[in-house]
Amino acid sequence: MLHQLLSYSPIAWLTFLCITAIASFAGRGWGIIAGHVAVAFAVLGFDVQWVQSEIAESDWSGTPDQDIVFLVGVAIRVVLVNAALLPVAILFRRLSLRWRPRPSQPVA
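Residues numbered from 1 in each chain as written. Predicted model: local features only at pLDDT ≥ 70, side-chain atom pairs only at ≥ 80, totals over all residues. Heavy atoms only, no water.

Peer 1: Provide a residue-level description of the pattern of salt bridges, including the pertinent values.
Peer 2: Counted under the stated rule, the structure contains one salt bridge. Salt-bridge contacts for Arg 77 lead to Asp 47; the nearest nitrogen and oxygen are separated by 3.2 Å. Here Arg 77, found in helix α3 (residues 67–98), pairs with Asp 47, found in helix α2 (residues 10–56); they are 30 residues apart in sequence, far enough to count as distant. Here Arg 77 and Asp 47 have matching classes, each one buried. (Salt bridge = Lys/Arg side-chain N within 4 Å of Asp/Glu carboxyl O. Helix = DSSP H or I, 4+ residues; strand = E, 2+ residues; numbered from the N terminus. Buried < 20%, exposed > 50% of the residue type's maximum accessible area, 1.4 Å probe, protein only.)

As structure tokens, then:
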């Protein structure tokens with residue numbers, strides 16, 4: 001399973017981290033969910049790009065009938081990547097609570 005996580009480039013991981021951190025900090029509770037959905041779409045995009053580049057090679061001799069295998073593989077990778085990013089989301093959610101603006105005037 002670790003191989004699946006290491007198959008993405010450092011730039012891709014930096015993208016995942018930024019999406020998760022910004023969404024969790026800005027959107028707080030719902031931002032965690034939105035960030036993980038955005039990361040899921042990013043993983044899907046990276047995987048589609050990877051498969052299309054493999055198919056475009058001249059020595060491709062694979063069977064075109066593996067759509068369900070690809071979808072299951074992407075679903076597993078989405079779960080693994082989002083599970084790895086969950087501590088980042090929780091950390092930035094807590095930071096957003098700490099840096100909440102304080103009212104300047106006392107409420108009477």
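We are not done yet, so read on.
Peer 1: Lay out a nonpolar patch on the surface in plain terms, naming residues and giving numbers.
Peer 2: On the surface, a nonpolar cluster with roughly 620 Å² of combined accessible area is contributed by Trp 30, Ile 33, Val 37, Phe 41, Leu 44 and Val 48. Inspection of the secondary structure puts Trp 30 in helix α2. With a relative accessible area of 69%, Trp 30 lands in the exposed category. (Patch = residues over 30% accessible without salt bridge, like charges linked within 9 Å, V, L, I, M, F, W, Y side chains within 5 Å. Areas by Shrake-Rupley, 256 points an atom, 1.4 Å probe, with all protein chains shown as cover.)

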